[in-house]
Amino acid sequence: MTDANTNGIGRLEAELRAGPTIDGAVGDLLETFVRHAAERGIADVVFATTPSPVGEITIAATVEGVVAVGWDTDRLLAKLAVALSPRVLEDRSRLDDARRQMAEYFDGTRLSFDLPIDWSLTTGFRRGVLQELATVPFGTIVTYKDLAERVHSPKAARAVGSAMAANPLPLVVPCHRVLQSGGALGNYGGGDGPPTKAWLLRHEGVDLSGRGSTSF
Amino acid sequence: MNLPPFEAVLRDNALDVRRYLVAGVGPQEADDCFQDVMLSALNAYPALRDATNLRGWLFTIAYRKTIDVHRRGARRRVLVAAAAAEPEVPVAHPSPPDDELWVAVRELPPKQRAAVLHRFLHDLPYREIAAIIGCSEAAARQNVRAGLAALREVYQR
């Protein structure tokens with residue numbers, strides 16, 4: 001009797017542990033959830049990833065527009081959760097347009113991005129520099145010094161450099177088009193660093209022969 | 001308070017919350033209840049003061065929502081019974097057949113139901129179960145025991 005009883009309990013517990021039968025993928029539920037969240041205005045930051053020749057890229061947006069672009073998804077999302085809102089959700093459909101434009105840029109069929117931008121992750125001087133940089137066209141290069149002059153602070157090349165380093169919108173705001181005054185490639189924070197910068201410039205048809213990747 | 005992105009909370013817990021809801025309120029109610037739980041959680045998330053047990057926090061919300069579902073179900077059953085008493089009104093559709101064990105689980109009192117599910121579906125320690133259903137650790141243990149005893153009776157019929 002004890003044996004039968006123990007087996008009965010064992011079977012009951014095993015079935016409880018196994019759980020009920022579940023139909024349908026959780027992915028569908030999550031898609032519906034993100035839609036509901038957006039309708040209620042509580043999807044503060046949405047993101048999606050997209051493949052590219054220089055590695056997977058994450059694009060994040062608020063209701064204002066694209067707010068951040070980056071390579072390291074987890075790090076980027078953690079940063080956005082602190083800087084903007086912890087209500088960070090994946091929403092591929094809301095980023096359809098941005099993902100498509102990104103793919104076109106890498107195909108070479110798009111020379112400039114036409115996306116609403118949320119500049120809220122950058123302020124003051126740095127925002128001014130980045131907004132000026134956003135007007136530098138595909139396939140052209142400027143130096144840190146040029147850019148400093150263009151924002152009427154000719155002596156601020158170094159500060160321009162740090163504005164580049166803090167660019168929350170690489171690719172869309174083309175910090176890869178900024179080189180050092182001596183002609184060296186300079187640094188790059190995205191992807192694999194300077195090799196990614198070189199790849200992007202070659203992709204845009206810039207001749208990099210004779211340029212080193214380090215500063216003089 | 002540095003909260004992780006809500007996406008990470010979803011990624012880590014969506015499957016477990018869903019399993020808990022299918023077990024606790026049944027497959028027909030589970031999807032809507034899932035939306036209800038997650039929207040409440042997302043809404044409250046930025047004001048959360050303690051990120052050390054996000055899973056327990058989600059399950060506490062899920063516990064309350066399952067109680068709501070059962071309460072609505074009970075009200076509906078009263079209405080259906082009243083309607084059935086009227087010969088003109090057609091009787092509501094019967095639910096599709098469901099596994100006897102899970103039907104029995106859904107018939108447990110709320111605390112026993114939640115305690116049994118968290119104990120066996122998620123292997124939660126009694127301390128965490130107690131926090132979710134709002135009772136002492138000893139009471140959580142007692143709820144699991146009483147729930148199992150009730151299920152055993154149904155199960156051995």
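Residues numbered from 1 in each chain as written. Chains lettered and ligands numbered in written order. Predicted model: local features only at pLDDT ≥ 70, side-chain atom pairs only at ≥ 80, totals over all residues. Heavy atoms only, no water.

Draft legend 1. Region of interest: the overall build of chain B. The secondary structure content of chain B amounts to 7 helices and 0 strands. Helices and strands appear in chain B in the N-to-C order α-α-α-α-α-α-α. A total of about 8,200 Å² of accessible surface is found on chain B, and carbon and sulfur atoms cover 52% of it. (Helix = DSSP H or I, 4+ residues; strand = E, 2+ residues; numbered from the N terminus. Areas by Shrake-Rupley, 256 points an atom, 1.4 Å probe, with all protein chains shown as cover.)

Draft legend 2. Examining the sheet that holds strand E2 (residues 57–61) of chain A more closely. Residues and elements named next belong to chain A. The sheet built from 4 strands is open, its strands ordered E3-E2-E1-E4 with mixed pairing. In the strand order of this sheet, the two ends are held by strand E3 (66–70) and strand E4 (88–90), each with one partner. Pairs of neighbouring strands in the sheet enclose a mean axial angle of 25 degrees, with direction left out of account. Direction of pairing for strand E1 (residues 45–50) relative to E2: antiparallel, over a ladder of 5 bridges. (Pairing = 2+ DSSP bridges. Axes fitted to C-alpha atoms, helices over the stretch in contact; angles between N-to-C directions.)

Draft legend 3. Seen up close, the packing of aromatic side chains. Considering all chains together, one arrives at 9 aromatic pairs over all chains under this definition. Seen in terms of ring centroids, Tyr105(A) and Phe138(A) are 5.8 Å apart; in terms of plane orientation they differ by 75 degrees. Their pairing is edge-to-face. Placement of the pair is Tyr105(A) in helix H4 (residues 96–107) and Phe138(A) in the loop between helix H5 (124–133) and strand E5 (142–143), with a sequence separation of 33 residues. Comparing Tyr105(A) with Phe138(A), the two get one shared label, buried. Members of the aromatic cluster, connected to one another through ring pairs, are Tyr105(A), Phe106(A), Phe113(A), Phe138(A) and Trp199(A). Seen from the ring of Tyr126(B), Arg119(B) lies directly overhead, with NZ or CZ sitting 4.4 Å from the centre. (Phe/Tyr/Trp six-rings, centres within 6.5 Å; stacked < 30°, edge-to-face > 60°. Buried < 20%, exposed > 50% of the residue type's maximum accessible area, 1.4 Å probe, protein only. Lys NZ or Arg CZ within 6 Å of the ring centre and 35° of its normal.)

Draft legend 4. Quick peek at the nonpolar core. By size, the foremost hydrophobic cluster in this structure holds 100 residues, and its most contacted members are Leu16(A), Met164(A), Leu171(A) and Phe6(B). The element that contributes the greatest number of residues to this core is helix H1 (residues 6–25) of chain B, accounting for 10 residues. Residue-level mapping places this core at the junction of two domains, with at least three residues from each of domain 1 (26–107) and domain 2 (124–203) of chain A. With sequence-adjacent residues up to four places away left out, Met164(A) is seen in contact with Val129(A), Leu130(A), Leu133(A), Tyr144(A), Leu147(A), Cys175(A) and Val178(A). Listed in part, the 10 residues of the second largest apolar core include Phe47(A), Ala60(A), Ala68(A) and Ala81(A). (Core = buried A, V, L, I, M, F, W, Y, C linked by side-chain atoms within 4.5 Å. Domains from an automatic or database assignment. Contact = heavy atoms within 4.5 Å.)

Draft legend 5. Fine view of the domain arrangement of chain A. All names here are of chain A. Assigned domains of chain A: these are domain 1 (26–107) and domain 2 (124–203). Facing the 12 residues of domain 1 at the interface are 15 residues of domain 2. When domain 1 packs against domain 2, the two sides together hide about 1,100 Å² of surface, and 75% of this comes from carbon and sulfur. When the buried surface of domain 1 facing domain 2 is broken down by residue, Val-69, Trp-71 and Tyr-105 rank first, second and third, together holding 55% of it. The interface formed by domain 1 and domain 2 contains 0 salt bridges. At the junction of domain 1 and domain 2, the tally comes to 2 residue pairs in polar contact (both at pLDDT 80 or more). Only E3 and H4 provide two or more residues apiece to the side of domain 1 that touches domain 2. Across the side of domain 1 that touches domain 2, the residue classes tally to 11 nonpolar, no polar and 1 charged. (Buried area = accessible area lost by both parts, 1.4 Å probe. Salt bridge = Lys/Arg side-chain N within 4 Å of Asp/Glu carboxyl O. Polar contact = N/O pair within 3.5 Å; in protein donor to acceptor, adjacent residues only side chain to side chain. Nonpolar A, V, L, I, M, F, W, Y, C, P; charged D, E, K, R; others polar.)

Draft legend 6. Highlighting the pattern of salt bridges. Evaluated as defined, the whole model comprises 14 salt bridges over all chains. One salt bridge connects Asp123(B) with Arg17(A), and the closest N-O pair in it is separated by 3.2 Å. Of this pair, Asp123(B) sits in the loop between helix H5 (110–121) and helix H6 (126–133) while Arg17(A) sits in helix H1 (residues 2–18), which puts the two residues in different chains. The exposed category is assigned to Asp123(B), whose relative accessible area is 52%. For Arg177(A), the salt bridge is made with Glu204(A), and the minimal N-O distance between the two is 2.8 Å. With a gap of 27 residues between them, Arg177(A) in the loop between helix H7 (157–165) and strand E6 (178–179) and Glu204(A) in the segment after helix H8 (194–203) connect regions that are remote in the sequence. You can call Glu204(A) buried: its relative accessible area is 7%.

Draft legend 7. Representation of the interface of chain A and chain B in the model. Taken together, the contact between chain A and chain B spans 37 residues of the former and 36 residues of the latter. Note on chain A versus chain B: buried area summed over both sides is about 3,300 Å², and carbon and sulfur give 69% of it. Mapped by element, the contributors of at least two residues to the side of chain A that touches chain B are H1, helix H2 (26–39), helix H3 (73–83) and E4 of chain A. Of the residues that constitute the side of chain A that touches chain B, the class distribution is 21 nonpolar, 7 polar and 9 charged.

Draft legend 8. How the structure looks around the environment of Asp68(B). Residue and element names in this part refer to chain B. Of note, Asp-68 is situated in helix H3 (residues 54–85). By relative accessible area, Asp-68 is classed as partly exposed at 31%. It is 10.0 Å that separates the C-alpha atoms of Asp-68 and Val-25, two residues lying 43 residues apart in sequence.

Draft legend 9. Representation of unusual backbone geometry within the structure. Of note in this structure, Leu171(A) is not a glycine but carries a positive phi near 75 degrees. Located in the positive-phi region is Asp123(B), a residue other than glycine, with phi close to 55 degrees.

Draft legend 10. Looking closely at the packing of H5(B) against helix H7 (residues 137–155) of chain B. Residue and element names in this part refer to chain B. Contact pair H5 / H7: the axes reach a minimum separation of 8 Å and the direction vectors enclose 95 degrees. The angle between the axes of H5 and H7 places the two elements in the roughly perpendicular class. In contact with Lys-111, Gln-112, Ala-115, Val-116, Arg-119 and Phe-120 of H5, H7 contributes Ala-140, Asn-143, Val-144, Ala-146, Gly-147, Leu-148 and Leu-151. Here the residues of the contact of H5 with H7 sort into 8 nonpolar, 3 polar and 2 charged. (Parallel < 35°, antiparallel > 145°, perpendicular 65-115°, else oblique.)

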